[in-house]
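Structural features, examined
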Amino acid sequence: MKSPTSNQKKNSISFYIISLCFVFFVVILYGEDFGCILSQSTLKLQEPEEEKPDQILSLQTEQEKDLVVPFAVERGEKECNLFSGSWVYDEETRPLYQEEECPYIQPQLTCQAYGRPDKGYLHWRWQPHDCDLPSFNATFMLEKLRGKRLMFIGDSLNRGQFVSLVCLLHRSIPENSKSMTTNGSLTIFRAKDYNATIEFFWAPFLVESNSDDAIVHRVRDRIVRVGSINKHARHWKGIDIVVFNTYLWWMTGQKIRILRGSFDSENKNITEMVTEDAYRLAVRRMMRWVEQNMDPKTNRVFFATMSPCHERSAEWGGEAGGNCYGETTPIMDPNFWGSCSRKSIMSLVGNLFSGRKMPVTILNITQLSNYRKDAHTSIYKKQWNKLTAEQLANPKSYSDCVHWCLPGLQDTWNELLYAKLFFP
Ligand SMILES: *[C@@H]1O[C@H](CO)[C@@H](O)[C@H](O)[C@H]1NC(C)=O
Ligand SMILES: *[C@@H]1O[C@H](CO)[C@@H](O)[C@H](O)[C@H]1NC(C)=O
Ligand SMILES: *[C@@H]1O[C@H](CO)[C@@H](O)[C@H](O)[C@H]1NC(C)=O
Ligand SMILES: *[C@@H]1O[C@H](CO)[C@@H](O)[C@H](O)[C@H]1NC(C)=O
Ligand SMILES: *[C@@H]1O[C@H](CO)[C@@H](O)[C@H](O)[C@H]1NC(C)=O
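Residues numbered from 1 in each chain as written. Chains lettered and ligands numbered in written order. Predicted model: local features only at pLDDT ≥ 70, side-chain atom pairs only at ≥ 80, totals over all residues. Heavy atoms only, no water.

**Considering the pattern of salt bridges**
What the rule picks out here adds up to 16 salt bridges. Here Glu143 and Arg146 are joined by a salt bridge, their closest N and O atoms 3.4 Å apart. Judged by relative accessible area, Glu143 falls into the partly exposed class, the value being 40%. Residues Asp374 and Arg372 are paired through a salt bridge, measuring 2.8 Å at the closest nitrogen-oxygen approach. Here Asp374 matches Arg372 in class, with each residue buried. (Salt bridge = Lys/Arg side-chain N within 4 Å of Asp/Glu carboxyl O. Buried < 20%, exposed > 50% of the residue type's maximum accessible area, 1.4 Å probe, protein only.)

Next up, the structure:
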């Protein structure tokens, strides 16, 4: 299954003391919402003001050395960094399923159904430099998930990964023994014969915010309660495997608005905090919940790093003023890193999970997704609002360069999840 080795570890540590001026043009687009934020920010990695909206426990217990990793069937290549590799065009084995075969894909992600003319984006396979990914076996995964709950928690990018996993698994389940239901923020796919569920919980900041309604949420004027998680987390009790993500919604510029106290109270105390500091507090709050509610002997925790966007084609040598619209091939420059992915957040994520009582496996999907300027939904998706003549004349103006077509890139994220879950 694997072939040898080399050392890739060194490059996982990087310091970004000062990043200069970034111009973000982040289009946040989900369901019927459409919002654009143009913000200009100078990033400095600052020491956090140790704000403590809730009490923050630091559980820096040393991890047991010979801990048998739950769900593992075999150890993977120790020296192989699965996230360092390249995209290989492979019509034989990709995609892993067809768009029309999977009834669960939301119309925001069914690109072929909405007229995408090219198909190349379907056929790229991720090839790590130093080993091969194990091939995805749906029956095997369902067997391993028997009697278990796997939950994705986060934003619409995480929802895309959830749907991708359901698509990868559902063919192996007979028609009358599966179901998909949504109640508020929680969507549950049930594989009845296996007594297993794959679930998605909408919590774009993980912690409480004013954007928590899964259908009607605010895109502008975001306010976060960095220390509060129980409103969401009471729905997470008893999960066996969890995949967290959170990034896109934090990108409101250099700072984000923080609420102390409840959204219901009359005199709201709202202050601004440097985004990196607020992000750190939120992820720590998440970890505190994880450590109080999950068991390293039987449970697994994953954290997916930021999903990049492709808003400025000049970054990859394209025409000025363009974005992902019309892109049909990946970026081949191995060093490419787009401005949508803040390195300051990446180095935070790299540090937040070390030495924890409950190990967290990082799904470092950022670099490999950064190459995929061709994989976004672009204009090939259900449009909830009628497009104006002006928009129609200029497709890039309404192109979604944040979300990803299914099948597509996010199936690879699940291949990586599969590899890390069973062959860590
Ligand atoms: C997939 O997994 C099932 C269950 O473990 C096993 O019986 C089957 O042989 C596997 N298929 C392949 C192609 O490896
Ligand atoms: C089904 O799975 C749940 C956990 O998700 C477990 O509590 C329950 O006992 C299982 N039921 C059966 C019949 O195995
Ligand atoms: C939806 O969830 C709420 C609690 O979160 C529960 O009270 C209600 O019964 C659920 N509805 C359905 C149809 O399951
Ligand atoms: C709001 O919270 C900050 C930080 O805890 C505190 O310093 C400030 O006094 C509070 N303001 C009010 C009006 O309560
Ligand atoms: C993820 O991978 C990138 C590129 O290889 C690297 O710069 C970064 O440090 C990694 N992040 C984490 C948290 O491992």
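**Notes on helix H4 (residues 275–293)**
The end-to-end C-alpha separation of H4 is 27 Å, in line with the 27 Å expected for 19 residues at 1.5 Å each. The buried fraction of H4 amounts to 16 of the 19 residues, a majority that puts the element mostly inside the structure. (Helix = DSSP H or I, 4+ residues; strand = E, 2+ residues; numbered from the N terminus. Expected span 1.5 Å × (residues − 1).)

**Overview of the sheet that holds strand S13 (residues 269–274)**
Taken together, the 4 strands give an open sheet; going across it, the order is S9-S10-S12-S13, and neighbouring strands pair in mixed fashion. The open sheet terminates on both sides in strands that have one partner only, identified here as strand S9 (208–209) and S13. In the sheet, strand S12 (residues 255–260) pairs with S13 via 6 bridges, with the strands oriented antiparallel. Bridging across to S13, Ile258 finds its partner in Thr271. Those strands touched by H4 are S12 and S13, and its axis lies near 105 degrees from that of S13. (Pairing = 2+ DSSP bridges. Contact = heavy atoms within 4.5 Å. Axes fitted to C-alpha atoms, helices over the stretch in contact; angles between N-to-C directions.)

**Re the nonpolar core**
Counting residues in hydrophobic clusters, the biggest one holds 108 residues, and the most contacted among them are Met141, Ile153, Ile198, Trp236, Phe244, Trp250 and Phe303. The leading source of residues in this core is H4, at 9 residues. If sequence neighbours within four positions are ignored, Ile198 has contacts with Leu145, Leu150, Phe152, Phe162, Leu165, Val166, Leu169, Thr187, Ile188 and Phe189. Counting residues in each nonpolar core, the second largest holds 7 residues, with Tyr121, Ile379, Tyr380 and Cys405 among its members. (Core = buried A, V, L, I, M, F, W, Y, C linked by side-chain atoms within 4.5 Å.)

**Description of the state of the cysteines**
In this structure the tally under the stated criterion is 5 disulfides. For Cys80, the disulfide goes to Cys131, at an S-S distance of 2.0 Å. In this structure the cystine formed by Cys80 and Cys131 twists about its S-S bond by roughly -70 degrees; its chirality is therefore left-handed. Of this pair, Cys80 sits in the loop between strand S2 (33–44) and strand S3 (85–89) while Cys131 sits in the loop between strand S4 (124–128) and helix H1 (138–144), and the two are 51 residues apart along the sequence. When its relative accessible area of 9% is taken as the criterion, Cys80 is described as buried. For the chain, the bonded cysteines pair up as 1-4, 2-5, 3-10, 6-8, 7-9 when numbered in the order they occur along the sequence. (Disulfide = S-S within 2.5 Å.)

Functional significance is not addressed by these values, which are geometric in nature.
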